[in-house]
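What follows is the residue order along each chain.
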Amino acid sequence: IADKAQLCIPRFRDGLLGVARSMPTSTAVDRVAAKLGITVYQVPTGWKFFCNLMDDARISLCGEESFGTGCDMIREKDFGFALLSWLSILSYENRNVPVGGKLVSVQDIVNEHFKKYGRSYYTRYDYEECEAPAANEMMVELDSH
C-alpha cells in the first residue's frame, strides 16, 4: 500500500508523511520507505503507539504483524482501510485495460513488488506460560553468544 499510495489513493496524492510498523512485522515497508525518502518508525506492538505518531503528524500509514493496516485518516486497523486501499490500487492498475482484457490481479501487483523491492520472509514465535527459571536460563544462554 505504501508503494502505491501516492499514485492510487487520492488522500496521499501529495505523498506520505512517514510510515510505521510494529517490531515483529516484516521489514518490507522499510525498503519502500527508503525508496520514497520517508521515515519508517518501528514501534512496540500496540495500536496506541501508531496513534501517538499520527497525533504528532509523523506518519500517514502503519501496519502490524497481524496484518492490521491503518492510516492517519481512518484509524481502523482490521478491515476498512486495507480493503479500500487495495480496491483503489486495483482500480488504478486496471484503468487502461479494455473491456474483456486481462485484468491486473493482486498477485500481479505482489509479484511486481517482489521484483522491485525483494521478498521478505517472516517467522513469528510466541512463548506463553513459560516457567520463569527456564526462560531466564534460555536468556542467559542467548546472551552468551
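Please refer to the structure higher up on the page.
Residues numbered from 1 in each chain as written. Predicted model: local features only at pLDDT ≥ 70, side-chain atom pairs only at ≥ 80, totals over all residues. Heavy atoms only, no water.

Overview of helix α5 (residues 106–117)
- Under the 1.5 Å per step criterion, the end-to-end length of α5 is 16 Å for 12 residues, consistent within 8% with the ideal 16 Å.
- Once α5 ends, the next one or two residues include G118, with phi positive near 85°. (Helix = DSSP H or I, 4+ residues; strand = E, 2+ residues; numbered from the N terminus. Expected span 1.5 Å × (residues − 1).)

So, the layout of surface pockets
- The space that makes up the largest pocket amounts to roughly 1,000 Å³.
- Considering the residues around the largest pocket, the lining is formed by 34 residues, among which I1, A28, V29, F67 and H113 are closest to the centre.
- If you list the elements that add at least two residues to the lining of the largest pocket, you get β1 (18–22), α2 (28–36), β3 (61–63), β4 (69–71), α4 (80–93) and α5.
- Considering every element that reaches the lining of the largest pocket, the biggest residue donor is α5, with five residues.
- Residues of the lining of the largest pocket, tallied by class, amount to 17 nonpolar, nine polar and eight charged. (1 Å grid on protein atoms, 1.4 Å probe; cavity = no way out; pocket = protein on both sides within 12 Å on 5 of 7 lines; lining within 4 Å. Points joined across faces, edges and corners; volume = space filled by probe spheres on them. Nonpolar A, V, L, I, M, F, W, Y, C, P; charged D, E, K, R; others polar.)

What to know about the nonpolar core
- Core analysis: the largest hydrophobic core is formed by 16 residues, its most contacted members being A2, A5, F12, L16, V19 and L61.
- Secondary structure elements with two or more residues in this core: α1 (5–8), α2, α4 and α5.
- Look past the residues within four positions of A5 in its chain and what remains in contact with it is F12, L16 and L61.
- In this structure, F50, C51, I59 and C62 belong to the second largest nonpolar core, which totals nine residues. (Core = buried A, V, L, I, M, F, W, Y, C linked by side-chain atoms within 4.5 Å. Buried < 20%, exposed > 50% of the residue type's maximum accessible area, 1.4 Å probe, protein only. Contact = heavy atoms within 4.5 Å.)

Focus on the pairing of β1
- Most of β1 sits out of view: five of its five residues are buried.
- What you see with β1 is no split at all: G18, A20 and S22 on one side and V19 and R21 on the other are buried throughout.
- Both β1 and strand β2 (residues 39–43) contribute to a ladder of five bridges, which runs parallel. Its bridge partner lying in β2, G18 is registered against T39.
- Chirality of the crossover, the property in question, places the unit of β1, α2 and β2 among those that are right-handed.
- Note that β1 and β3 share three bridges and pair parallel. (Pairing = 2+ DSSP bridges. Right-handed = clockwise from strand over helix to strand, strands pointing away.)

Things to note about the sheet that holds β1
- Strand order in the open sheet formed by four strands is β2-β1-β3-β4, and the pairing between neighbours is mixed. The open sheet has two edge strands with one neighbour each: β2 and β4. Pairwise comparison of adjacent strand axes, ignoring direction, gives a mean angle of 20° for this sheet.
- Across the sheet, α2 touches β1 and β2, and the angle it forms with β1 is around 165°. (Axes fitted to C-alpha atoms, helices over the stretch in contact; angles between N-to-C directions.)

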